[in-house]
Amino acid sequence: MNGFKIIVLAKQVPDTRNVGKDAMKEDGTVNRAVLPAIFNPEDLNALELALQVKDKYPDSEVIILTMGPPRAADIIREAIYRGADKGYLITDRRFAGSDTLATSYAISQAVKKIGDFDLIFAGRQAIDGDTAQVGPQAAEKVGIPQITYAEELISVEKEKITIKRRLENGVETVAAPMPVLITVHGSAPDCRPRHAKRLMKYKYALTKTEMKDADDLRKELVEKRPYLLIEEWSVDDIGADVKWLGLSGSPTKVKKVENIVLAAKEAKQIDTSDEQLEEFIKELIENHTIG
Amino acid sequence: MRNVFVYCELEDNNVADVSLELLTKGKDLAGQLGVQLEAIVIGSGLENIGAQIFKYGADTVYVADDKRLSPYTTLPHTSIVTGLLKEHNPQIVLFGATSIGRDIAPRVASAMRCGLTADCTSLVIGDHYVKKTDTTYKNLLYQIRPAFGGNIIATIINPDMHPQMATVRQGVMKKEVFDENHQGEVKKVKVADYVKDEDFVIEIIERHIEKSKVNLGASPIIVAGGYGVGSKENFDLLYQLADVLGAEVGGSRAAVDAGYIEHERQIGQTGVTVRPKLYIACGISGAVQHRVGMDQSAMIVSINTDEHAPINSIADYNIHGDLNEVIPKLIKFYKKNTK
Ligand SMILES: Cc1cc2nc3c(=O)[nH]c(=O)nc-3n(C[C@H](O)[C@H](O)[C@H](O)COP(=O)(O)OP(=O)(O)OC[C@H]3O[C@@H](n4cnc5c(N)ncnc54)[C@H](O)[C@@H]3O)c2cc1C
Ligand SMILES: Cc1cc2nc3c(=O)[nH]c(=O)nc-3n(C[C@H](O)[C@H](O)[C@H](O)COP(=O)(O)OP(=O)(O)OC[C@H]3O[C@@H](n4cnc5c(N)ncnc54)[C@H](O)[C@@H]3O)c2cc1C
């Protein structure tokens, strides 16, 4: 064999970096409708490292795996335009409400179904949940080692990969046998842009769910060219136990959410009196800014 | 007794600040719950490590000492921590939200099949009532954290599937000696009983670790001073405030040029850019070259004698007054309201 089988984990996220005043609803929940859904930034870095392996070993296969609502198929198309070979969308209502433990369980089941892989690349962290937990948890569930915070691909040989990691106070170069899961830091190279030819070839790619609403011409096209069908997997397809998914499989529960976008209003004027200064300190303690 | 555990990180065989902060918080939580505080330390050459830890209130420290365990690698540390947690069944386990803590904690949580809350800014004990089943969960850990790019603050709980695990960034909790004379018990871990040969498959080829130095970028709270601070000596006031808040101190270029503070602490166009959750600008006018380095801070407080200082237009709180009067009062009221 002259190539590797590489899985890239990618998540569709709301763009939390440009949150406006209308990003939160009255009840304090996130108004996803007004936030553009994007490719999680560090997952693009992850895709790039995977494609760099494929550059060196052109027989490699790069497979995108994403879990999300039906519209997350956009992530798969985007990755294919940039050089990925194919993708799977894990989608099922029964995944809703999953925390990182349940998410990583679902992902690990899908990874096992793909099987026979050499490398898994994930982003370090998603910009919505912001936990950076899914990668290491998925590695544990699949039963393989992990390398976190990859910044540079140093070398890749048969069954061994060498990676430079970015730590908070330095860098470290490590070598690992395959299979291994690697989470990729934002300081890794940016992802290459879309490839015009691939865009032309794959822009009509659809999932089964999307096929239902497509016009006849497009349906016909996908039927004629099977590579345009993006496969969707449900809970049953990946052989997952619903007990470990969704709310029931998630030990962490969100008890309360406070919105701090709306909280930023007019500046408060404070004088040097004891009353006002003490009130100010109490406010900061109460809203967890200090304490 | 279901105790509180802290995983202690090491820097050159000194317990990292973030871990001492967690021990302090862990002691507080253990006190409220009426249980003990236990620590796990994993590394090599750890003969005297207990002395560093006990004064922060730990009652037991599990020491896994083996040449192969330093520097840190994921798998052997995970095997030891997971093994110890399964044996001792704690109710709360805390890790630093550092390169190491965020590498090991999710791996351990997955193996334990328990919840893990990332980057908590506050940890509080509280009850939780579930209407549907009419059950009250007593003494849960409220894990309060920012998410969504810092736009929301969520309170997370794990009603069942314990332990309750959380990570906390450095500088968020206070570090405080519990009792210089507090003594605990060192329990040596038989490393071979926990790790397998396969745990050592990752080979470290090279490491460049810088000594921890000023790290303004990572600090959640920054107290910054400008020309209005008036002198190098007067900057002590700012360091005192920073100390009680767990903050870093930064400065404007005018303060650097006047020799009040070192250049590596300069914030702005020709210094560093920061976006802490709280920025307290003391005697800083707020020139645009300064503002570009800090205007993304989640909350800005300005202390200035000039009501019309430009910084006030981007601040959330304007304290109109002399910093020499205001800062000592802030310190006093902070101490008073955090017991
Ligand atoms: C306000 C709030 C707070 C939360 N806090 C917590 C918490 O503290 N602990 C907790 O366990 N859960 C928490 N959650 C739930 C968590 O956000 C979800 O489980 C989420 O699906 C995955 O976590 P993440 O976004 O943090 O991903 P991360 O762990 O940051 O993602 C890391 C990488 O894993 C891969 N990945 C993650 N999700 C997917 C996916 N769906 N498909 C493909 N690849 C993926 C990507 O490569 C990504 O870059 C919280 C949710 C909310 C709304
Ligand atoms: C190319 C270029 C790059 C630059 N880069 C930077 C940079 O990176 N960072 C930077 O900071 N600046 C930079 N500057 C300088 C910038 O233009 C300002 O000169 C500088 O920020 C002013 O610093 P300051 O606010 O501390 O001082 P001042 O502007 O002198 O302000 C002092 C403030 O303190 C207040 N004050 C006085 N006494 C008290 C008191 N007792 N209590 C409370 N308040 C008091 C005053 O009302 C005043 O608002 C740069 C300038 C140039 C041209």
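Rules used throughout
- Residues numbered from 1 in each chain as written.
- Chains lettered and ligands numbered in written order.
- Predicted model: local features only at pLDDT ≥ 70, side-chain atom pairs only at ≥ 80, totals over all residues.
- Heavy atoms only, no water.
- Contact = heavy atoms within 4.5 Å.
- Buried area = accessible area lost by both parts, 1.4 Å probe.
- Salt bridge = Lys/Arg side-chain N within 4 Å of Asp/Glu carboxyl O.
- Polar contact = N/O pair within 3.5 Å; in protein donor to acceptor, adjacent residues only side chain to side chain.
- Helix = DSSP H or I, 4+ residues; strand = E, 2+ residues; numbered from the N terminus.
- Axes fitted to C-alpha atoms, helices over the stretch in contact; angles between N-to-C directions.
- Parallel < 35°, antiparallel > 145°, perpendicular 65-115°, else oblique.
- Left-handed = near helix turned anticlockwise from the far one by under 90°.
- Nonpolar A, V, L, I, M, F, W, Y, C, P; charged D, E, K, R; others polar.
- Domains from an automatic or database assignment.
- Near = heavy atom within 4 Å.
- Areas by Shrake-Rupley, 256 points an atom, 1.4 Å probe, with all protein chains shown as cover.
- Pairing = 2+ DSSP bridges.
- Phe/Tyr/Trp six-rings, centres within 6.5 Å; stacked < 30°, edge-to-face > 60°.
- Buried < 20%, exposed > 50% of the residue type's maximum accessible area, 1.4 Å probe, protein only.
- 1 Å grid on protein atoms, 1.4 Å probe; cavity = no way out; pocket = protein on both sides within 12 Å on 5 of 7 lines; lining within 4 Å.
- Points joined across faces, edges and corners; volume = space filled by probe spheres on them.

1. Considerations on the interface of chain A and chain B
Opposite the 79 residues of chain A that make contact, chain B presents 74 residues. Here chain A and chain B share an interface that buries about 6600 Å² over both sides, 57% of which is from carbon and sulfur atoms. When the buried surface of chain A facing chain B is broken down by residue, Asn 169, Lys 255 and His 288 of chain A rank first, second and third, together holding 9% of it. At the boundary of chain A with chain B, the tally comes to three salt bridges. Note that Lys 329 of chain B is salt-bridged to Asp 274 of chain A, the shortest N-O span being 2.9 Å. On inspection of chain A and its partner chain B, the count reaches 36 residue pairs in polar contact (both at pLDDT 80 or more). Elements supplying a minimum of two residues to the side of chain A that touches chain B: α4 (134–142), β7 (146–157), β8 (160–167), β9 (170–177), β13 (253–259), β14 (268–270) and α8 (274–286) of chain A.

2. What to know about the packing of helix α3 (residues 100–114) of chain A against α4 of chain A
All names here are of chain A. Relative orientation of the contacting elements α3 and α4 amounts to 50°, with a least axis distance of 8 Å. Relative to α4, α3 is oriented oblique. When the axes of α3 and α4 are compared, the crossing they make is right-handed. In this structure, α3 uses Thr 100, Leu 101, Thr 103, Ser 104, Tyr 105, Ile 107, Ser 108, Val 111 and Lys 112 to contact α4, whose residues at the interface are Val 134, Gln 137, Ala 138, Lys 141 and Val 142. Broken down by class, the residue content of the contact of α3 with α4 amounts to seven nonpolar, five polar and two charged.

3. A short note on the domain arrangement of chain B
Residue and element names in this part refer to chain B. Assigned domains of chain B: these are domain 1 (4–200) and domain 2 (216–337). If you average the C-alpha positions of domain 1 and of domain 2, the two centres end up 33 Å apart. Contacts between the two partners involve five residues from domain 1, matched on the other side by six residues from domain 2. At the boundary of domain 1 with domain 2, total buried surface from both sides reaches about 380 Å², with 51% on carbon and sulfur atoms. In this structure, the connection of domain 1 to domain 2 is made through zero residue pairs in polar contact (both at pLDDT 80 or more).

4. Let's talk about the site of ligand 1
Close contacts around ligand 1 come from 34 residues, with Lys 11, Asp 43, Thr 100 and Thr 131 of chain A together with Arg 145 of chain B the closest. Those residues lying near ligand 1 are distributed over chains A and B. A distance of 2.6 Å is found between an oxygen atom of ligand 1 and a side-chain nitrogen or oxygen belonging to Lys 11 of chain A. Between Ser 98 of chain A and ligand 1, the recorded distance is 2.9 Å, taken from a backbone N or O atom to an oxygen atom. Taken by itself ligand 1 offers 940 Å² of open surface, and the protein chains cover 91% of this.

5. Quick notes on the sheet that holds strand β4 (residues 37–43) of chain B
All names here are of chain B. Spatially, β7-β11-β6-β1-β4-β5-β12 is the arrangement adopted by the seven strands of the open sheet, whose pairing is parallel. Edge positions in the sheet fall to β7 (116–120) and β12 (185–188), since each of these pairs with one other strand and no more. Across the sheet, the mean angle separating the axes of adjacent strands is 20° when strand polarity is ignored. Pairing of β7 with strand β11 (residues 164–168) involves three bridges; the strand directions are parallel. Residue pairing in the sheet places Thr 117 in a bridge with Ala 166 of β11. Against the sheet, helix α1 (residues 17–33) touches β1 (4–8), β4, β6 (92–96) and β11, its axis set at about 175° to β1.

6. Observations concerning the side chain of Thr 74 of chain B
Along the chain, Thr 74 of chain B turns up in helix α3 (residues 74–88). Looking at Thr 74 of chain B, its side chain comes within polar contact range of the side chain of Asp 103 of chain B, at 2.5 Å. Setting aside its immediate chain neighbours within four residues, Thr 74 of chain B contacts Gln 146 of chain A together with Asp 103 and Arg 107 of chain B.

7. So, the packing of aromatic side chains
Residue and element names in this part refer to chain A. If you walk through the whole model with that rule in mind, you get eight aromatic pairs over all chains. Judged by centre distance (5.0 Å) and plane angle (75°), the ring pair of Phe 4 and Tyr 57 falls under edge-to-face. With Phe 4 in the segment before β1 (5–9) and Tyr 57 in the loop between α1 (41–56) and β4 (61–67), the pair connects residues that are 53 residues apart, well separated along the chain. Given a relative accessible area of 6%, Phe 4 falls into the buried group.

8. Considerations on empty space enclosed by the protein
Enumeration over the complete set of coordinates arrives at five cavities of 30 Å³ or more. A volume near 110 Å³ is recorded for the largest cavity. If you go around the largest cavity, you meet 13 residues; those closest to its centre are Gln 146 and Arg 165 of chain A together with Thr 73, Thr 74 and Ile 202 of chain B. Those elements that place two or more of their residues in the lining of the largest cavity are β7 and β9 of chain A together with α3 of chain B. Ranked by the residues each element gives to the lining of the largest cavity, the list is headed by β7 of chain A, at three residues.

9. Focus: the packing of α8 of chain A against helix α8 (residues 323–337) of chain B
Where α8 of chain A meets α8 of chain B, the axes come as close as 9 Å, and the angle between the chain directions of the two elements is 55°. Between α8 of chain A and α8 of chain B, the interaxial angle falls into the category oblique. Relative to α8 of chain B, α8 of chain A is oriented so that their crossing is right-handed. Across the interface between the two elements, Asp 274, Leu 277, Glu 278, Phe 280, Ile 281, Lys 282 and Ile 285 of chain A of α8 of chain A pack against Val 326, Lys 329, Leu 330, Lys 332, Phe 333, Tyr 334, Lys 336 and Asn 337 of chain B of α8 of chain B. Across the contact of α8 of chain A with α8 of chain B, the residue classes tally to eight nonpolar, one polar and six charged.

10. Some thoughts on the pairing of strand β9 (residues 135–147) of chain B
Residues and elements named next belong to chain B. Both strand β8 (residues 122–130) and β9 contribute to a ladder of eight bridges, which runs antiparallel. When the sheet's bridge partners are listed, Ser 122 is paired in β9 with Ile 144. Joining the antiparallel neighbours β8 and β9 is a turn of four residues, in which Asp 134 adopts a positive phi near 50°. Note that β9 and strand β10 (residues 152–157) share five bridges and pair antiparallel. Across the sheet, the residue bridging to Gln 143 is Ile 156, located in β10.

11. Let's talk about the environment of Thr 167 of chain B
Residues and elements named next belong to chain B. The residue Thr 167 is located in strand β11 in this model. What makes Thr 167 buried here is its relative accessible area of 3%. For the pair formed by Thr 167 and Val 186, sequence separation is 19 residues and the distance between their alpha carbons is 24 Å. If near-sequence neighbours (up to four positions away) are discounted, Thr 167 is found in contact with Phe 95, Gly 96, Ala 97, Gly 101, Ala 105, Leu 116, Thr 117, Ala 118, Asp 119 and Cys 120. A distance of 2.8 Å separates a polar atom in the side chain of Thr 167 from the backbone nitrogen of Asp 119.

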